[in-house]
Amino acid sequence: MKSKFMNTFEAISKFFSKVSAFLKSDKLKKMFMGHGAGRGIIGKIIIYILLIGISYVFLFPIIRMIALSFMTRNDLLSPEITWIPSSLTFNNFVVSNHVLQLLPPSWTASNLSFWARVTGTFTNPGNLFKSLLNMTILATIQTVIAAFTGFAFARYNFRFKKTLFVLLLLSFIIPLPMVTIPRIMMISNLQENIWIPIYDALFANNFLSGFFSRALFSTLVPQVLFALFGQGINSAILVLIFYNFFKMIPLALDEAARIDGATSLQVFWHIYVKLVVPIILIVFLFSFIWNWNDIYTATIFYQSGNPLVVMRLSLFDSVFADQAPGAPGDVGIGLISEGYKSAATFLAILPLLILYLVAQKQFIEGIERTGMTGE
Amino acid sequence: MTKVKRRKTKSQNVAYIFLLPWLIGLVFFILYPFLNTIWLSLNAVSKDVYGWTYQFIGMENYITAFFRNSEFNQLVVGFVMMELTYIPMILIISLILAILLNSNIKFRSGFRLIFFFPVVVMSGPVMTQLRSSNTMQLMDISELLIFRMIDNISPFFSNMLINIFDNFTLILWFTGIPIILFLNGLQKIDKSLYEAASIDGANSWQMLWKIMLPNLKSTGLVVGIYTVVQIAIFEVNPIYSFVVGTINSNYTNGLGFAAAVVLVYSVIVLTFVALIFLILRTKDDTKYEDTIKEKQQKHIAKINRQQLRKMRDEETLKEWFDRVFKRKKKVDGDKS
């Protein structure tokens with residue numbers, strides 16, 4: 001006869017054996033560990049922690065920059081405040097907008113009628129609108145030329161096709177400084193021998209002199225030339241994007257149009273271009289941001305008076321020092337603070353951030369389908 | 001008589017019209033400058049009222065760069081160090097992130113959005129400003145005990161470490177495009193490969209090494225070359241500002257020296273590209289063993305060729321004339 005004690009002992013040992021059986025079984029292991037890495041709960045938690053941590057490191061400079069750009073001088077110096085400023089102030093933005101000359105001056109000036117502000121926008125549109133306009137010109141030209149080149153590579157079997165394709169890839173690999181010096185000399189020759197005589201003969205002494213500049217190196221002309229001949233910034237990648245998309249379009253469409261008597265240009269326009277309108281947008285966006293961030297070409301070929309916002313940002317410190325009020329001997333640069341710098345940086349990348357948030361799908365798709373991987 | 005219209009085969013040379021702008025650009029803005037830079041680096045170039053004048057001075061510009069200029073050597077070393085530390089880091093981090101993103105998780109597009117955004121905003125001045133406000137540093141490791149130990153053993157290695165930790169965010173920001181490319185490469189791998197491997201009892205660690213990495217090699221090649229080129233032209237790297245400064249300040253006389261500097265810089269970049277190509281190219285290792293029959297045929301063909309050559313060496317002018325003439329006649333006869 002079993003005692004009560006034995007009964008309870010058996011019940012407990014049964015329970016334990018059940019629990020240990022459950023613990024040993026694959027069910028629990030599967031629940032936590034999964035079959036492969038990252039399938040079970042533990043794996044997933046690790047993946048999330050890693051990804052969120054790295055995302056934080058990715059975004060840290062930007063978040064820090066935004067926080068700093070709202071801080072006053074006192075906030076910056078105070079050891080208690082690291083992230084959230086004590087009061088909301090836009091003074092930093094006003095100052096850095098003034099130094100960078102982003103918005104049209106007529107917008108911020110006081111005592112102007114509404115009409116004067118509107119006309120002032122056109123007479124002096126400020127660096128932001130100027131660089132938007134310039135980059136749109138460059139990006140449009142680059143997109144059109146890339147489409148032509150991509151079309152030729154995708155649809156025709158002409159002689160030396162393979163050689164030219166290899167040269168296309170090489171033109172991406174060759175470091176840009178390697179080809180810069182002869183380019184400078186070419187543009188300089190162009191300016192001395194062709195442009196200045198024309199300018200002096202036609203524009204110098206009449207009302208047109210305001211529209212044209214005598215020196216090519218302080219205009220967009222060199223960059224437009226490079227874009228026009230398919231050698232702008234990262235042009236090879238843009239050509240590759242078009243090449244891969246054009247190759248996806250079935251050849252039968254092309255042939256059908258040709259049998260109906262379409263010329264090559266008509267085939268290009270009515271079949272290829274109209275089918276890849278989203279891709280044109282992708283290429284345009286890439287060309288736009290690459291040109292916007294292309295400080296190298298801007299520094300060398302468009303040095304004086306370049307309205308490009310990024311270029312202005314690189315001069316921010318010195319311009320600030322010039323404009324800051326100070327007694328003689330007191331260096332203006334002493335007044336500069338991280339608040340002003342951060343605000344200026346924030347303003348400089350704000351257009352790109354907006355563009356990215358609106359069109360992020362296109363950007364990622366564009367890189368995914370460049371076909372740079374493998375094919 | 002009715003006119004028979006024959007369909008002509010379309011001439012493919014229309015392509016050259018579409019290619020024309022790019023071809024002109026290739027010749028005038030890539031090929032010619034490429035060769036011209038090499039030539040310029042051996043010359044003293046100066047500009048006066050009449051135009052550019054060249055004077056051949058041999059290797060003088062290079063001697064100036066390496067032995068008379070006090071900072072160039074250091075910058076070259078710094079640049080090589082930077083490429084050496086950054087490229088493996090960028091490749092490995094982007095590969096890890098791509099594999100993490102490739103697993104079955106939620107908010108994947110959200111993470112992708114975050115990882116890709118530096119591509120859009122990254123430019124020299126922005127990075128310079130962000131660095132100046134000290135936001136790029138992961139943590140200050142120079143006070144850690146383990147770091148001091150490493151520093152005692154090898155200052156070179158510790159320099160590399162401190163470089164990595166100081167610019168960790170910068171390195172991360174370079175991974176935007178590589179992550180997308182790796183992710184794309186991962187998604188192209190056939191799912192049945194994984195299934196077959198798991199049936200054979202492979203765990204995910206083995207799958208990573210045996211399936212994922214070999215299949216990602218070609219993507220790795222593209223990513224590697226892209227990264228080298230990106231870093232080379234980026235404003236944060238030490239030699240960049242020297243190159244730009246040399247070009248801009250020596251504008252009227254001294255472009256020859258600038259060309260020499262640029263050439264050294266380009267050779268470094270191209271060496272790195274070649275290295276990556278050698279490491280990451282996909283080798284075609286399959287060798288085709290000839291069967292005995294093929295070997296025999298090859299041998300017979302070889303003997304035939306030798307005989308023919310011998311015959312032709314010995315033949316007289318008349319025989320040669322007959323042979324060529326007869327063959328021509330035969331062809332004519334076929335045509336009619």
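All figures in this text were calculated on a predicted structure; none of them were measured in a lab.

Asker: Please set out the overall build of chain A residue by residue, giving values where relevant.
Answerer: Within chain A, the secondary structure is distributed over 19 helices and zero strands. A buried classification covers 35% of the 375 residues belonging to chain A. Long-range pairs, those at least 24 residues apart, make up 69% of the contacts in chain A between residues at least 6 apart in sequence.

Asker: How would you summarise the interface of chain A and chain B if you had to cite specific residues and measurements?
Answerer: With 73 residues of chain A at the contact, the number on the chain B side is 78 residues. Classifying every residue of the side of chain A that touches chain B by side-chain character gives 48 nonpolar, 18 polar and seven charged.

Asker: Any chance you could break down the domain arrangement of chain A for me, citing the residues and the numbers?
Answerer: One can read the domain layout of chain A as domain 1 (4-100) and domain 2 (114-314). The C-alpha-based centres of domain 1 of chain A and domain 2 of chain A are spaced at 45 Å.

Asker: Help me get a handle on the domain arrangement of chain B, residues and values and all.
Answerer: All names here are of chain B. Taken domain by domain, chain B comprises domain 1 (15-62) and domain 2 (70-280). Taken over C-alpha atoms, the centre of domain 1 sits 31 Å from the centre of domain 2. Tallying the contact residues gives eleven residues for domain 1 and nine residues for domain 2. Elements with a contribution of two residues or more to the side of domain 1 that touches domain 2: α1 (15-40), β1 (43-48) and α2 (60-68). With five residues, the single largest contributor to the side of domain 1 that touches domain 2 is β1. Tallied by class, the residues present in the side of domain 1 that touches domain 2 amount to five nonpolar, five polar and one charged.

Asker: An account of the packing of helix α3 (residues 72-102) of chain B against helix α14 (residues 255-280) of chain B is requested, with residue identities and associated values reported.
Answerer: Residues and elements named next belong to chain B. Across the interface, α3 lies against α14 with an axial gap of 11 Å and an inter-helix angle of 20°. Viewed along their axes, α3 and α14 adopt a mutual orientation that is roughly parallel. As for the relative orientation of α3 and α14, their crossing is right-handed in sense. Side by side, α3 and α14 meet where Phe72, Val76, Phe79, Val80 and Glu83 of the first sit next to Val261, Val264, Ile268 and Phe272 of the second. Taken together, the residues that form the contact of α3 with α14 break down as eight nonpolar, no polar and one charged.

Asker: Describe in detail the packing of helix α19 (residues 338-368) of chain A against helix α5 (residues 124-132) of chain B, supporting the description with residues and values.
Answerer: Where α19 of chain A contacts α5 of chain B, the two axes come as close as 10 Å, and the packing angle between them is 150°. By the angle between their directions, the pair α19 of chain A and α5 of chain B is classed as roughly antiparallel. Viewed along their axes, α19 of chain A and α5 of chain B form a crossing whose handedness is left-handed. The segment α19 of chain A lies against α5 of chain B, with Lys341, Thr345, Ala348 and Ile349 of chain A engaging Val126, Gln129, Leu130 and Ser132 of chain B.

Asker: Tell me about the nonpolar core, and name the residues and values.
Answerer: One broad rule of soluble globular proteins: the nonpolar side chains tend to lie buried together. Counting 154 residues, the largest nonpolar core has Phe242 of chain A together with Val261 of chain B as the members making the most contacts within it. Looking at this core, the element that brings in the most residues is α14 of chain B, giving 13 residues. Setting aside residues up to four positions removed in sequence, Phe242 of chain A forms contacts with Ala146, Ala147, Gly150, Phe151, Ile279 and Val283 of chain A.

Asker: Quick one: what's the story with unusual backbone geometry, residue by residue and with numbers?
Answerer: Most peptide bonds take the trans configuration, and most residues that are not glycine carry a negative phi. Residues and elements named next belong to chain A. Even without a glycine there, the phi angle at Gln101 is positive, about 55°. Its location among the elements puts Gln101 in the loop between α5 (91-100) and α6 (105-108). Looking at Gln101, the number of C-beta atoms within 10 Å reads 17, which means it is partly exposed.

Asker: Now, about the confidence of the model for chain B: what can you tell me, with residues and values included?
Answerer: Residue and element names in this part refer to chain B. Of the residues in chain B, 89% reach a pLDDT of 70 or more, and the chain-wide mean stands at 82. Taken element by element, the predicted model of chain B shows its lowest mean pLDDT in helix α16 (residues 317-335) (68) and its highest in α1 (90). Scored as a whole, the predicted complex attains pTM 0.80, and scored at its interfaces, ipTM 0.78.

Here is what the cut-offs are and how they apply
- Residues numbered from 1 in each chain as written.
- Chains lettered and ligands numbered in written order.
- Predicted model: local features only at pLDDT ≥ 70, side-chain atom pairs only at ≥ 80, totals over all residues.
- Helix = DSSP H or I, 4+ residues; strand = E, 2+ residues; numbered from the N terminus.
- Buried ≥ 20, exposed ≤ 12 C-beta atoms within 10 Å, placed from the backbone.
- Contact = placed C-beta atoms within 7 Å.
- Nonpolar A, V, L, I, M, F, W, Y, C, P; charged D, E, K, R; others polar.
- Domains from an automatic or database assignment.
- Axes fitted to C-alpha atoms, helices over the stretch in contact; angles between N-to-C directions.
- Parallel < 35°, antiparallel > 145°, perpendicular 65-115°, else oblique.
- Left-handed = near helix turned anticlockwise from the far one by under 90°.
- Core = buried A, V, L, I, M, F, W, Y, C linked by C-beta atoms within 7 Å.
- pLDDT = per-residue confidence, 0-100.

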